[in-house]
Amino acid sequence: MKVKQKLAIFGGPKAISQEFPLYNSIGNEELEAAKAVVASGVLSQFLGSWHPNFYGGKKVQAFERAWAAHFNIGHAVSVNSATSGLMAAVGAIGIEPGDEVIVSTWSMSASATAILVWNAIPVFADIETETFNLDPAAVERAITPRTRAIMVIDIHGHPAKLDEIMAIARRHNLKVIEDCAQAPNALYKGRYAGTIADIGVYSLNYHKHIHTGEGGMCVTNDPLLAERMQLIRNHAEAVAGDKGVTDLTNMIGFNFRMCEVEAAIGIEQLKKLPRLVAERQAVAERLIAGLSGLDGLRVPLVLDQCTHAFYKFAMILDVDRIGVTRARLVEALDAEGVPGLGKGYVNIHRYPIYQKRIAYGRGGFPWTSSVYQGSVSYDVGICPNAEKLHDETFLGIEMCEHLFPEAQVNQVIDAFHKVWAQLDDLK
Ligand SMILES: *Cc1c(COP(=O)(O)O)cnc(C)c1O
């Protein structure tokens with residue numbers, strides 16, 4: 001142990017001396033791939049009518065094949081964002097206006113907006129505190145005669161309790177969509193997260209492990225769901241007639257198409273995914289080992305038969321035991337130079353759109369519409385675990401914002417130990 005040094009927050013020397021290099025997954029391979037597409041002049045080849053080019057250009061189709069092969073799943077449908085992909089997925093399962101879809105509140109807003117956009121009703125269920133994902137018991141409690149689907153999220157990079165969720169869904173005849181934006185390459189009982197539910201959706205947004213600037217990928221083993229997502233992606237209403245599509249439910253098309261440059265970049269990014277995830281895992285393992293002894297700090301758990309992609313390093317504080325508020329701890333750790341500290345998700349149900357129930361127009365549609373016969377609650381207090389985490393006890397470190405060279409991982413660990421050794425001064 002080093003000699004006790006004054007905390008940086010009180011003017012002492014910082015535990016971390018250097019800036020952390022920025023995380024950047026893009027390299028020369030992506031540059032060359034993008035250049036070749038630009039040189040070809042074909043930046044997109046989608047056609048919004050029933051024609052071979054309905055499925056997009058060469059790179060788009062090659063990227064989809066590579067994705068499906070890597071993740072060992074029947075169909076991959078590229079989109080221009082995971083937000084679009086989630087919308088396509090909810091439409092594809094044949095959701096009706098006024099149906100309820102159970103969703104985790106511990107996520108970013110798009111997980112729920114994708115439901116609302118079809119005039120279906122997001123029903124927020126609480127999370128469990130091992131994986132920060134939907135609590136199967138809370139899902140069970142949230143089921144009503146109007147429930148049609150579950151939107152499960154593999155948040156921070158750890159798969160949800162998918163067997164339990166799928167069992168509930170099968171018992172109640174519900175579809176399941178898996179928002180896997182943060183967990184590409186994470187494993188759940190030997191299968192890739194994202195491939196367990198009826199549809200999985202990955203993000204290729206620039207914040208994620210791998211990216212194409214903006215982009216996303218939907219996967220499914222069901223050819224009908226794949227076709228319906230392809231239709232919603234690309235002007236369904238203009239294609240359905242000529243394609244001979246008979247089920248017109250939700251065949252409202254958008255333009256969710258990915259460009260050739262993004263697809264070419266994505267092909268290169270996918271090759272790097274296992275290495276990039278393994279690097280995050282290696283850093284996380286060192287952090288877990290280094291921080292495990294700290295009183296009142298729960299380091300991330302990795303459940304048996306799962307791997308964790310470590311998009312975020314998610315910890316829980318026992319603030320009573322520590323005797324210092326999270327805000328004060330974050331100030332102190334930040335002053336020492338720990339990067340990417342955060343307090344997690346606000347909770348989607350606490351956004352004004354749900355608190356005021358103003359989405360389409362000003363009259364409270366769809367909640368006040370006669371298509372909705374239920375009485376969903378968005379009251380503060382409906383998701384006590386998730387609310388408490390955000391308000392008091394969650395402490396996260398972003399893992400895809402910076403690189404953590406070995407020496408600096410040790411400095412992060414030192415910074416925590418330094419602060420924990422002087423908690424009394426922070427009270
Ligand atoms: C990033 C993210 C999304 C949205 O992804 P985009 O590609 O930016 O639309 C959805 N869900 C979760 C959990 C995410 O982290």
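Notes on the structure follow. Small disclaimer: the values here were computed from a predicted structure and weren't measured.

Observations regarding the sheet that holds strand S9 (residues 216-220)
Pairing is mixed in the open sheet, where seven strands are placed in the order S1-S9-S8-S5-S4-S2-S3. Looking along the sheet, the strands with just one partner apiece sit at the ends: strand S1 (75-79) and strand S3 (121-125). Averaged over neighbouring strand pairs, the angle between their axes works out to 20° when direction is ignored. As defined by bridge partners, strand S4 (residues 147-153) adjoins strand S5 (residues 175-179) across five bridges and the pair is classed as parallel. Each residue of the ladder has a partner; that of Met151, found in S5, is Ile177. Where helix H3 (residues 82-92) meets the sheet, it contacts S1, S4, S5, strand S8 (199-203) and S9, and its direction lies at approximately 170° from that of S8.

Some thoughts on the sheet that holds strand S13 (residues 394-398)
Sheet architecture is open: four strands sit in the order S10-S11-S13-S12, paired in antiparallel fashion. Two strands in the sheet have a free side with no partner beyond their single neighbour: strand S10 (297-298) and strand S12 (341-342). When S10 meets strand S11 (residues 312-317), the two strands line up antiparallel, connected through two bridges. Note on S11: the bridge partner recorded for Arg298 is Ile316. On top of the sheet, helix H9 (residues 260-291) reaches S10 and S11; it is set at about 20° to S11, its chief contact.

What about the packing of H9 against helix H14 (residues 406-420)?
One way to put it is that H9 packs onto H14 with a least axis distance of 10 Å and a crossing angle of 30°. Judged on the interaxial angle alone, H14 and H9 are roughly parallel. The handedness of the crossing between H9 and H14 is right-handed. Seen from H9, the contacting residues are Val283, Arg286, Leu287, Gly290 and Leu291; seen from H14, they are Glu406, Val409, Asn410, Val412, Ile413, Phe416 and His417. Its residues assigned to classes, the contact of H9 with H14 shows seven nonpolar, three polar and two charged.

Side note on the packing of aromatic side chains
Throughout the structure, instances matching the rule amount to 23 aromatic pairs. In this structure an aromatic cluster arises from ring pairing among Phe63, Trp67, Phe71, Tyr192 and Tyr202. For Lys243, the ring lying beneath its charged end belongs to Trp50, and the centroid distance is 4.7 Å.

Re the side chain of Gln422
When you line up the elements, Gln422 lands in the loop between H14 and helix H15 (423-426). When its relative accessible area of 6% is taken as the criterion, Gln422 is described as buried. For Gln422, the residues in contact, after removing those within four places along its chain, are Lys4, Gln5, Lys6 and Leu7.

Thoughts on the pairing of S13
Across the five residues of S13, five count as buried, placing the element largely inside the fold. Of the two faces of S13, the one holding Phe394, Gly396 and Glu398 and the one holding Leu395 and Ile397 are both buried throughout. Bridging between S11 and S13 involves five bridges; their strand directions are antiparallel. Counterpart to Met315 in the pairing with S13 is Leu395. Two elements, S12 and S13, share two bridges in a ladder whose sense is antiparallel. Considered in S13, the bridge of Leu341 is made with Ile397.

Description of the nonpolar core
Judged by nonpolar contacts, the single largest core of 79 residues is most densely connected at Trp106, Phe132, Ile150, Met151, Ile177 and Ile199. Residue contributions to this core peak at seven residues, all from H3. In this structure, Trp106 is in contact with Ile127, Phe132, Ile155, His156, Lys343, Gly344, Tyr345, Asn347, Ala386, Leu389, His390 and Phe394, ignoring residues within four places of it in sequence. Residues Ile288, Val299, Ala415 and Val419 belong to the second largest nonpolar core, which totals 36 residues.

Some remarks on the site of the ligand
For the ligand, the set of nearby residues contains 14 residues, the closest of which are Ala82, Thr83, Asp179, Ser203 and Lys208. Residue Ser203 places a side-chain N or O atom 2.8 Å away from an oxygen atom belonging to the ligand. At 3.1 Å, a side-chain N or O of Asn205 approaches an oxygen atom of the ligand. In the complex, the protein chains occlude 92% of the 380 Å² of accessible area that the ligand would expose alone. For the shell around the ligand, the per-class residue count stands at four nonpolar, eight polar and two charged.

Here's the deal with the packing of helix H1 (residues 28-40) against H9
As a packed pair, H1 and H9 sit with axes 8 Å apart at the nearest point and diverge in direction by 155°. When the axes of H1 and H9 are compared, the pair comes out roughly antiparallel. Like other packed secondary-structure pairs, H1 and H9 cross with a definite hand, here right-handed. Each of Glu29, Glu30, Ala33, Ala34, Val37 and Val38 in H1 lies in contact with H9, whose residues at this interface are Glu260, Val261, Ala264, Ile265, Glu268, Gln269 and Lys272. Residue composition of the contact of H1 with H9, by class: seven nonpolar, one polar and five charged.

Rules and cut-offs
Residues numbered from 1 in each chain as written. Predicted model: local features only at pLDDT ≥ 70, side-chain atom pairs only at ≥ 80, totals over all residues. Heavy atoms only, no water. Pairing = 2+ DSSP bridges. Helix = DSSP H or I, 4+ residues; strand = E, 2+ residues; numbered from the N terminus. Axes fitted to C-alpha atoms, helices over the stretch in contact; angles between N-to-C directions. Contact = heavy atoms within 4.5 Å. Parallel < 35°, antiparallel > 145°, perpendicular 65-115°, else oblique. Left-handed = near helix turned anticlockwise from the far one by under 90°. Nonpolar A, V, L, I, M, F, W, Y, C, P; charged D, E, K, R; others polar. Phe/Tyr/Trp six-rings, centres within 6.5 Å; stacked < 30°, edge-to-face > 60°. Lys NZ or Arg CZ within 6 Å of the ring centre and 35° of its normal. Buried < 20%, exposed > 50% of the residue type's maximum accessible area, 1.4 Å probe, protein only. Core = buried A, V, L, I, M, F, W, Y, C linked by side-chain atoms within 4.5 Å. Near = heavy atom within 4 Å. Polar contact = N/O pair within 3.5 Å; in protein donor to acceptor, adjacent residues only side chain to side chain. Areas by Shrake-Rupley, 256 points an atom, 1.4 Å probe, with all protein chains shown as cover.

Any link to function would need more than the numbers given here.
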